[in-house]
Amino acid sequence: QVQLVESGGGLVQAGGSLRLSCAASGRTFSSYAMGWFRQAPGKEREFVAVISWRGGRTYYADSVKGRFTISRDNANNTVYLQLRSLKPEDTAVYYCAAKRGTYLYTLVYEYDYWGQGTQVTVSS
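So, here's what we can say about the structure. These numbers come from a predicted model, not from an experiment. (Residues numbered from 1 in each chain as written. Predicted model: local features only at pLDDT ≥ 70, side-chain atom pairs only at ≥ 80, totals over all residues. Heavy atoms only, no water.)

What follows concerns the state of the cysteines. Applying the stated rule across the entire model yields 1 disulfide. The side chain of Cys22 participates in a disulfide bridge whose partner is Cys96; the two sulfur atoms lie 1.9 Å from each other. As the torsion about the S-S bond is roughly 45°, the Cys22-Cys96 disulfide counts as right-handed. With a gap of 74 residues between them, Cys22 in strand 3 (residues 18-24) and Cys96 in strand 9 (residues 92-100) connect regions that are remote in the sequence. For the pair formed by Cys22 and Cys96, the shared burial category is buried. (Disulfide = S-S within 2.5 Å. Helix = DSSP H or I, 4+ residues; strand = E, 2+ residues; numbered from the N terminus. Buried < 20%, exposed > 50% of the residue type's maximum accessible area, 1.4 Å probe, protein only.)

Printed below as a string of structure tokens:
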């Protein structure tokens, strides 16, 4: 069982930055690929970024590539998402998710555990 708690969301102006954190419980955190997803009002949850279990591989949605960076600290059971050059269309609830395995998973249904989400609002 893995429990995930996100933090770091907030209100920021367009062009600004935020750093989201996701703290995970459990002793097997390093066995999980960790993903970030987001969901805007009236829209489906969409993939943002994923990092492999050891942190050596990452993959991003085209919409955030070059602006967002995912990283992880297995010693502290935490995954991060650095958001830069934010746009109003980045406004959403951001969720972290965990999937036991060695691949870079990008589909919602592939993930086993989810956090409660943190709101990111970008004003124009």
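Anyway, onward from the coordinates.
Tracing the backbone shows Asp90 in the loop between strand 8 (78-83) and strand 9. A polar atom in the side chain of Asp90 sits 2.9 Å from the side chain of Arg38. Among all residues touching Asp90, those that are not within four sequence positions of it are Arg38, Arg67, Phe68, Ser85, Val120 and Val122. (Polar contact = N/O pair within 3.5 Å; in protein donor to acceptor, adjacent residues only side chain to side chain. Contact = heavy atoms within 4.5 Å.)

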